[in-house]
Amino acid sequence: MRIDVITIFPDYLAPLDLSLIGKARTRGLVDLRVHDLRAWTHDNHNSVDDAPFGGGAGMVMKPQPWAEALAAVLDDGRAELGADAAPVLVIPGPSGAPFTQPQAHALAEVPWLVFACGRYEGIDERVHEHAREDLGLDTRVVSLGDYVLNGGEVAVLAITEAVVRLLPGVVGNEASLVEESHEGGLLEYPVYTRPARWTAPGSDVERSVPDVLLGGNHAEIARWRYAQRLARTAERRPDLLSAHEASRADGAR
Ligand code: ADE
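So, here is what we can say about the structure in this document. Worth saying up front: this structure is predicted, and the values here are computed from it rather than measured. (Residues numbered from 1 in each chain as written. Predicted model: local features only at pLDDT ≥ 70, side-chain atom pairs only at ≥ 80, totals over all residues. Heavy atoms only, no water.)

### A word on the overall build of the protein
Going by this rule: Helix and strand definitions here come from DSSP, where helices need a minimum of 4 consecutive H or I residues and strands a minimum of 2 consecutive E residues; each element is numbered from the N-terminal end. Throughout this description, buried means an accessible area under 20% of the type-specific maximum (1.4 Å probe, protein chains only), exposed means over 50%, and partly exposed covers the range between. Here a residue-residue contact requires only that any non-hydrogen atoms of the pair lie within 4.5 Å. To be clear on the numbers: accessible area is Shrake-Rupley with a 1.4 Å probe, and residue cover counts the displayed protein chains and nothing else. Charged residues are defined narrowly, with Lys and Arg counted positive, Asp and Glu counted negative, and His plus the chain ends left uncounted. A single reference atom marks each charge: NZ on Lys, CZ on Arg, CG on Asp, CD on Glu.
Looking only at helices and strands, the protein features eight helices and nine strands. A principal-axis box enclosing the C-alpha atoms of the protein has dimensions of 70 × 50 × 40 Å. Per-residue burial over the protein gives 38% buried out of 253 residues. Sequence separation of 24 or more characterises 73% of the internal contacts of the protein that already satisfy a separation of 6 or more. Accessible surface, the protein: about 14,400 Å² in total, of which carbon and sulfur atoms supply 52%. The positive charge centre, built from 24 side chains, and the negative charge centre, built from 37, are 8 Å apart in the protein.

This is how it looks when you write it as structure tokens:
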């Protein structure tokens, strides 16, 4: 998979050199390139923003550097992937549709992703139109959640990690990708490791691992875990539980 990130803070993406994603890059599973948007400015101040038409607080990212950056990144990618290659353009922003695990799976199937990191009040809307209508790009505005970050960079870190760990060969034990939160629309069951009985420092309560997990009866363990997933989802994310029940009812029909 090729990933291009366009940002005014290339250093923000440094964590993508670390851990599983860093290893996936050195092993050639992901070709990730970070571009500084200011490389496509032509004034003395390398300015990328300007005041909003219509007034209001904050600044808006100017269309010209973005159009040049997208053209350059498309040219570069096509030189490598072929003249017909077309990336999915992901523009993180609080006004996007929420990013979810099914979307992570969908993006993991895409050979080329381009992320456009907005800052300030966002990118001039005509850049979105240009990407869709003139460049013909599948352009998606995606939000990490219902809160406002200072820019898209943190979202790119999160989305890239969620997507890249799903690529074949990135996570050593692929079974661990199946039984985790949000797979199958439920949260994950609680997990325990040794010792089977444990007392926290300063506590006089000894805490034990649930007996069912020590018994080795795999069918019973699977039933217990499913019940735990349902109970945990009902408590923490009732919104997910109703969607899960609706999909089970559909499947049963
Ligand atoms: N940029 C600013 N806020 C954001 C959010 N909630 N999700 C994604 N990108 C953002």
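### Things to note about the sheet that holds strand 7 (residues 138–143)
The criterion, for reference: Strand pairing is defined by DSSP finding a minimum of two bridges between the two strands. Interaxial angles span 0 to 180 degrees and are taken between N-to-C directions of axes, which are lines fitted to C-alpha atoms, for helices over the stretch in contact.
Read across the open sheet, the five strands follow the order 2-1-6-5-7; overall the sheet is parallel. The sheet is open, and its two borders are formed by strand 2 (31–36) and strand 7, each paired with just one other strand. Neighbour-to-neighbour, the strand axes of the sheet open up by a mean angle of 25 degrees, direction not taken into account. As judged from the five bridges shared by strand 1 (residues 2–7) and strand 6 (residues 112–116), these two strands associate in the parallel manner. Bridge pairing in strand 6 places Ile3 opposite Leu113. Relative to the sheet, helix 2 (residues 63–81) contacts strand 1, strand 2, strand 5 (88–98) and strand 6, its axis offset from that of strand 1 by approximately 165 degrees.

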